[in-house]
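Chain residues, written in single-letter form:
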Amino acid sequence: MKVGLSKIQIRYDSTRGMLKMAIVALLTYLLPGCRSGASINAAGTEKLLFDRGWDFHLGSIDSLAAFIDTTHYTEKDTAIWRKVTLPHDWSIEGTFSRESPAGNQGGALPGGIGWYRKLFVLPAADSTKNILIRFDGVYRYSKVWLNGHFLGQRPNGFISFDYTLTPYLYFDGRLNILIVRVDNSRQPNSRWYTGSGINRDVWLLKQGPVSINARESFFYATVDPRAGAADEAAKKAEKAILNQHLVFGYTLPSLRPVEIETAIYDRQRHMVAQKKESWRPEKLAGTGLLDWSWPLQNIWLWSPDNPYLYTLEVTLKQNGSVMDRLRLPLGIRHFYFDPRKGFFLNGQPTKIKGVCLHNDYGVLGTAYNYSAMFRQLTLLKEMGCNAIRTAHNPPPPGMLDLCDSMGFLVMDEAFDMWQKKKTKYDYSRDFARWHQRDLADQIKRDRRHPSVFMWSIGNEIREQFDTSGIRLTRELVALVKSLDTTRPVIAGLTETHPDKNNIAKADVLDVLGFNYKPFDYDSLPLRFPGKALVASETVSALETRGVYTPMPKDSILYMPSGPKQKFAENINDDWTVSAYDKVAAYWGTTHENAWRAVKDRSFIAGTFVWTGIDYLGEPVPFAYPARSSYYGIIDQAGLAKDVYYFYQSEWTAKPVLHIFPHWNWHKGEVVDVWCYYSQADQVELFLNGRSLGKRHKTDGQPGDNEFHISWKVPYEPGVLKAVSSRNGKIVLTREIKTAGAPRKIQVKVDSATFRGVAGDLCYVSIQLEDADGTAVPDNDRTLHFDVEGAATLVGVNNGYQADLHSFRSKDYNTWKGKCVAVIRPTTGKGVFKLHITGEGLTDQTATVSFGE
């Protein structure tokens, strides 16, 4: 959408009950995808990826001196260390165990204490620079030393933080030694798997004598929500005002003026705006703070459908010489919440079709990786998802870069608890001392992103139930508003009665989010008049991919929480749940029911499904050996469950036709066949060429509804075929065939995740097939994986929530005929071969060229 825009006041209009927000956001001062070596700045600040060449030691030590004394760095010393590349999660390398202190709620994996060491040399030329280290996240209780000097500590495992290194560095050829101690020994400290270690990127920043503080600098624009109105005359008169807030400082005294140049470029690198100004040193007093406003014309607006990003370039000069330069992606959009009509983006009514995401990536654990994150978001994008809730903590910075460029709205969440604990050793122990600093650091880091459109200060916080909730809510909201007035503040709430909800009673939240309350939706506008509403967490349905237990007699089978023995009659013996959308946790409901409750209620701005992807830990309703969740629309290997196609049929405009289950049964069994479809009038089902009848969603047939159709089919081997049509013309055809014994291995390489950057990953999907090439859904095999060439095997995952094999094993089972291998190329360009063997199977080799 390309529009002109005009300056307005950002305000909350209580008389009309409408919250109006707008932002232009700077993403980071590396362009998306730039990860290796120095940053893109032509002069001034260098931002260096500092992930390679670390030493790691797991366990306690007798003396810290042994780790920080450079004279101790000998060949003998290396025996206690091993080389790792960050981001790194040591817990995922461990063994699943019933005895894990984290329990199966925490993934049944070990914690402990880990030590990281980085040895590096800096040239003498760097001695005039200000040098910082930036950690995107360390889980948890990190302490950092440089050359024996203690730099600081951070207990929160999800917060980014910086330390200044300059006073303690050597520039004379001596080794600098950086030590990081990570303590994740006190468990349980979370309700899900957190991982352990320096599990996000680390950066080294070298700043010149005059530099821009990218973390503190903030750029935004106010825009007129009339954009998109029918009044064409009004449109032509509109423009945007870029309000630019810039923080910069001196590392050395200077009396010379600073010249500031700002330019904005479109995707074709055409300059669309420019502004220059000169500041005298008496105005700066050591630290510069620049605020100015200037107009922009004919703007392309950012949205999930068209995530248009400009490039904003800021240059600092003295006497004509460039001192520092930043190039930053820039997205422009405006939005507001209406208590009656929901969410409006760029003037258009927009239903929030969101999912909640936890902080792990399958075989990587919580070690952030571009390829892993890109793959997850791509799967969700293709499903029709337009929004992410970061559950329940600040996300990796790289995730927000991707959300900006791919087009996702983000509810950026801060806390899962405040002062009242949910697990024995959780963040409640640190909240009183650290919450203000942690929240402020989160807002400052993330407020540049156009994808971020709401700040969540908490999820299901227990202070809802006492008056401390009023005080703390007001404190947290005030802190957020002091740093960003352009986005609404929300919290995920459980209590829908105003008298019982002290967080809502504080009356400072801009939007109220309610978790799992579809039966109360119609009463919410009366109970909380004038408040914008979002279904901040919904569903909690349970499925295991590829498992089709006969349908329950009741419309929904609610699964209680607790040991397996207490409800053995409701579960399968192999710790699986049927993939039919008929099973949910006792507090939740099915995917269809939850979406129905939101879809046609305009005053509910949208939904965030729990969850988009299965995650390690919280394997409700099962005890060990279950170690991963059952909530995901996609399993932990990144393979879609059947309900994925329900959302695709509802959330996208493309034709969809998906029938299930598989067609390997015993003769005479009556099979429930379901079908999700869209962009068609009806679907006809054929078995071995015989029509079993036509169905459409308004037939009112038993078991059907407005979201799916179904048939009860007596099984006979052969071919089950579905044909969708519209106005008598075929739209799509899908077939499911009876498969024989597995004989072959089909391999599909997802090369899109690899950009030719060291550290990226290749994902390889494996499917068992019979001799005729038909997918085998019910006869699994143990496969052996070998990688030859310029790559290593990171791990294998099959998506089964109770598989206790190590992801790092070279021998791994398929689940319902499928698994996914993850390969890490060791160079930016090259070739590797993946050899796969299995009993009774023809050997398969996949040759992959990358980085070309």
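This is a predicted model, so every value here is computed, not measured.

A. Representation of the overall build of the protein chain in the model. Assigned secondary structure in the protein chain consists of eleven helices and 49 strands. In the protein chain, buried positions account for 62% of the 852 residues. Long-range contacts, defined here as pairs at least 24 residues apart, represent 72% of the contacts in the protein chain between residues at least 6 apart. For the protein chain, the exposed area adds up to about 31400 Å²; of that, 50% sits on carbon and sulfur atoms.

B. A look at the packing of aromatic side chains. Going through the model one piece at a time under the given rule, you end up with 48 aromatic pairs. Look at tyrosine 800 and tryptophan 815: their rings are 4.0 Å apart centre to centre, the planes differ by 5°, and that puts the pair in the stacked class. Taken together, the residues tyrosine 800 in the loop between strand E45 (791-797) and strand E46 (811-813) and tryptophan 815 in the loop between E46 and strand E47 (818-825) connect sequence positions 15 residues apart. Considered together, tyrosine 800 and tryptophan 815 belong to a single accessibility category, that of buried residues. Three or more aromatic residues joined by ring pairs form one cluster here, namely Tyr548, Tyr580, Trp595, Phe646, Tyr647, Trp651, Phe660, Trp674, Tyr676 and Phe707. Across from the ring centre of tyrosine 677, 4.5 Å away, lies the NZ or CZ of lysine 697, which sits over that ring. One Lys or Arg, lysine 816, reaches over the ring of tryptophan 815 and ends 4.9 Å from the middle of that ring.

C. Here's a closer look at the sheet that holds strand E38 (residues 690-695). Taken in spatial order, the four strands of this open sheet run E38-E37-E40-E41, and their pairing is antiparallel. If you trace the sheet from one side to the other, it starts and ends with E38 and strand E41 (729-737), each paired once. For this sheet, the mean inter-axis angle between neighbouring strands, taken without regard to orientation, is 20°. Taken together, the four bridges between strand E37 (residues 682-687) and E38 define a ladder with antiparallel strand orientation. From the neighbouring strand, phenylalanine 686 faces E38, where its bridge partner is serine 691.

D. Structural detail: the layout of surface pockets. Put simply, the largest pocket is a space of about 1600 Å³. Lining the largest pocket are 47 residues; nearest its centre among them are Ala640, Tyr645, His658, Gln767 and Lys818. Contributing elements (two or more residues each) for the lining of the largest pocket: helix H4 (370-383), helix H11 (643-651), strand E35 (656-660), E41, strand E42 (744-750), strand E43 (762-769) and E47. For the lining of the largest pocket, the residue count by class is 23 nonpolar, eleven polar and 13 charged. Taken as a whole, the second largest pocket spans an internal volume of roughly 660 Å³. Along its surface, the second largest pocket is lined by 30 residues, and Val84, Thr85, Leu86, Pro87 and Arg824 are the ones closest to its centre. At the level of elements, strand E6 (82-84), E45 and E47 are the ones that each hand at least two residues to the lining of the second largest pocket. Considering only residue class, the lining of the second largest pocket consists of 13 nonpolar, eight polar and nine charged.

E. Representation of the pairing of strand E48 (residues 830-838) within the structure. Of the two faces of E48, the one lined by Gly830, Phe832, Leu834, Ile836 and Gly838 is fully buried and the one lined by Val831, Lys833, His835 and Thr837 carries no buried residue. Bridging between strand E44 (residues 782-789) and E48 involves seven bridges; their strand directions are antiparallel. Within E48, the residue paired with phenylalanine 785 across the bridge is isoleucine 836. In this sheet, strand E49 (residues 844-850) lies alongside E48 in antiparallel orientation, the contact comprising seven bridges. Counterpart to histidine 835 in the pairing with E49 is threonine 845.

F. Layout of empty space enclosed by the protein. Summed over all chains, the structure comprises seven cavities of 30 Å³ or more. Its volume calculated, the largest cavity comes out at about 190 Å³. In terms of lining, the largest cavity is formed by 17 residues, of which the most central are Tyr139, Asn156, Phe158, Met417 and Tyr427. Volume-wise, the second largest cavity comes out at about 140 Å³. In terms of lining, the second largest cavity is formed by 17 residues, of which the most central are Tyr361, Arg375, Gln636, Ala637 and Tyr763. Contributions of two or more residues to the lining of the second largest cavity are made by H4 and E47. Counting residues per element, the lining of the second largest cavity draws most heavily on H4, which supplies four residues.

G. Structural context of the sheet that holds E48. In spatial order, the strands read E46-E44-E48-E49; together these four strands make up an open sheet with antiparallel pairing. Edge positions in the open sheet fall to E46 and E49, since each of these has one partner strand only. Adjacent strand axes in the sheet meet at a mean angle of 30° when their direction is disregarded.

H. Looking closely at the pattern of salt bridges. Under the counting rule described, the total for this entry stands at 34 salt bridges. Its salt-bridge partner being arginine 82, residue glutamate 93 comes within 2.4 Å of it at the nearest N-O pair. On the criterion of sequence distance, the pair formed by glutamate 93 in the loop between E6 and strand E7 (112-120) and arginine 82 in strand E6 is long-range, its members being eleven residues apart. Counted as one network, the salt bridges with shared partners bring together Glu46, Asp126, Lys129 and Lys206.

I. Fine view of the packing of helix H6 (residues 428-446) against helix H7 (residues 468-483). The geometry of H6 relative to H7 is characterised by a closest axis approach of 9 Å and an angle of 30° between their N-to-C directions. Here H7 runs roughly parallel to H6, going by the angle between their axes. As for how H6 packs across H7, the hand of that crossing is right-handed. Packed against H6, whose contacting residues are Phe431, His435, Gln436, Leu439, Ala440, Ile443 and Lys444, the element H7 presents Leu472, Glu475, Leu476, Leu479, Val480 and Leu483 at the interface. Of the residues assigned to the contact of H6 with H7, the class counts are nine nonpolar, two polar and two charged.

J. Seen up close, H6. Helix length check: H6, at 19 residues, gives a terminal C-alpha distance of 23 Å against a target of 27 Å (1.5 Å per residue), a shortfall beyond 12%. Summarising burial for H6: 14 of the 19 residues are buried, a large majority.

K. Structural detail: unusual backbone geometry. Going from leucine 86 to proline 87, the amide bond is cis rather than trans, its omega being -10°. Looking at the secondary structure, you find proline 87 in the loop between E6 and E7. A cis amide bond links alanine 391 with the next residue in sequence, histidine 392, at an omega value of -15°. At asparagine 346, a residue that is not glycine, the phi angle is positive and equals roughly 55°. Tracing the chain through its elements places asparagine 346 in the loop between strand E23 (342-345) and strand E24 (348-349). Phi at lysine 816 is positive, roughly 55°, even though this residue is not glycine. Take lysine 816: it is sitting in the loop between E46 and E47.

L. Structural context of the confidence of the model for the protein chain. With 85% of its residues at a pLDDT of 70 or more, the protein chain has an overall mean of 87. Scored below 50 in pLDDT, residues 221-241 shows 65 contacts in the model against residues more than four places distant or in partner chains. In the predicted structure, residues 562-570 sits below a pLDDT of 50 and forms 15 contacts with residues beyond four places in sequence or in another chain.

About the criteria used
Residues numbered from 1 in each chain as written. Predicted model: local features only at pLDDT ≥ 70, side-chain atom pairs only at ≥ 80, totals over all residues. Heavy atoms only, no water. Helix = DSSP H or I, 4+ residues; strand = E, 2+ residues; numbered from the N terminus. Buried < 20%, exposed > 50% of the residue type's maximum accessible area, 1.4 Å probe, protein only. Contact = heavy atoms within 4.5 Å. Areas by Shrake-Rupley, 256 points an atom, 1.4 Å probe, with all protein chains shown as cover. Phe/Tyr/Trp six-rings, centres within 6.5 Å; stacked < 30°, edge-to-face > 60°. Lys NZ or Arg CZ within 6 Å of the ring centre and 35° of its normal. Pairing = 2+ DSSP bridges. Axes fitted to C-alpha atoms, helices over the stretch in contact; angles between N-to-C directions. 1 Å grid on protein atoms, 1.4 Å probe; cavity = no way out; pocket = protein on both sides within 12 Å on 5 of 7 lines; lining within 4 Å. Points joined across faces, edges and corners; volume = space filled by probe spheres on them. Nonpolar A, V, L, I, M, F, W, Y, C, P; charged D, E, K, R; others polar. Salt bridge = Lys/Arg side-chain N within 4 Å of Asp/Glu carboxyl O. Parallel < 35°, antiparallel > 145°, perpendicular 65-115°, else oblique. Left-handed = near helix turned anticlockwise from the far one by under 90°. Expected span 1.5 Å × (residues − 1). pLDDT = per-residue confidence, 0-100.

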